[in-house]
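What follows is the residue order along each chain.
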Amino acid sequence: MTIRLLLADDHPVVRAGLRAVLDTEPDFAVVGEAATAERAVELAETGGVDVVLMDLQFGAGMHGSEATAAITARTGGPRVLVLTTYDTDADILAAVEAGASGYLLKDAPPEELAAAVRTAAAGQSALAPAVAHRLMDRMRTPAEALTKRELEVLQLVGEGLSNQQISKALFLSQATVKSHLVHVFAKLGVDSRTAAVATATSRRLIRRPS
């Protein structure tokens, strides 16, 4: 049985490389490519796709996690396997909560990628070992782990946004933003925004500010 694949990545060279690798598998057929998350959603809705290989960052526009949520919300829609360079808790949690069937890093060997595609197509979870390890660590120490919302707030702090800007971006009150930051400071054992960002970045909880 052929597994029909859609490649969603904004870099043509990456898509070409993925196609070259996937075309060597006899049961795979790359049936489409998308340079934007919006286009990936459109192509996934037309049918004829079993698994979408989804990047997370597409520059301006829809994020890969948002596209994943839109695709997986449809009954009978394709599975989504996230394939990215990001291994932070913030990215992993966003993708998993959006309904991704798997999460793989782009430096994964070809055989691991092929196995993950087949696992996702079968409706099972396909997590890279490093990703699974990070999720297990969160489960072992839930009281110390930052929640998805706390990670979102801290990521925006790292991008230089004020509490007022964060409240608008996440549709939260400024009081709620402050409350989240209080919890973040306590969990990370820090007493400033700068220290929180530095600590979270070093622990790969959020992406390094660009």
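The coordinates are above.
Here is a short report on the structure shown in this document. Computed from a predicted structure; not experimentally measured.

1. Observations regarding the overall build of the protein
1) Next: Broken down by element type, the protein carries 10 helices and 6 strands.
2) Next: A globule of 210 residues ought to have a C-alpha radius of gyration of about 17 Å, and the protein, at 18 Å, matches this closely.
3) Next: By principal-axis analysis of the C-alpha atoms, the protein measures approximately 55 × 30 × 30 Å.
4) Next: Within the protein, the proportion of its 210 residues that are buried is 46%.

2. Some thoughts on the environment of Leu104
1) Next: One can find Leu104 in strand β5 (residues 102-105).
2) Next: Once the C-alpha coordinates of Leu104 and Thr68 are considered, the two residues, 36 residues apart in sequence, prove to be 14 Å apart.

3. Section: helix α2 (residues 37-45)
1) Next: Inspection of α2 places Ala37, Ala40, Val41, Leu43 and Ala44 among the buried residues, and these make up the whole buried set.
2) Next: Check the buried side of α2 and you find it contacts β1 (3-8), β2 (28-34), β3 (51-54) and α3 (64-72).
3) Next: Once α2 finishes, Gly47 follows within two positions and takes phi at roughly 90°, a positive value.

4. Quick notes on the sheet that holds strand β6 (residues 126-127)
1) Next: Ordered by their spatial adjacency, 6 strands build an open sheet running β2-β1-β3-β4-β5-β6, and the pairing between neighbours is parallel. Of all strands in the sheet, those bounded by a partner on one side alone are β2 and β6.
2) Next: Relative to strand β4 (residues 79-84), β3 is paired through 4 bridges, and the arrangement is parallel. Within the sheet, the bridge partner assigned to Leu53 lies in β4 and is Leu81.
3) Next: Running over the sheet, helix α1 (residues 12-22) touches β1, β2, β3 and β4 and is turned about 170° from β2.

Calculation notes
- Residues numbered from 1 in each chain as written.
- Predicted model: local features only at pLDDT ≥ 70, side-chain atom pairs only at ≥ 80, totals over all residues.
- Heavy atoms only, no water.
- Helix = DSSP H or I, 4+ residues; strand = E, 2+ residues; numbered from the N terminus.
- Rg over C-alpha atoms; globule rule 2.2 N^0.38 Å.
- Buried < 20%, exposed > 50% of the residue type's maximum accessible area, 1.4 Å probe, protein only.
- Contact = heavy atoms within 4.5 Å.
- Pairing = 2+ DSSP bridges.
- Axes fitted to C-alpha atoms, helices over the stretch in contact; angles between N-to-C directions.

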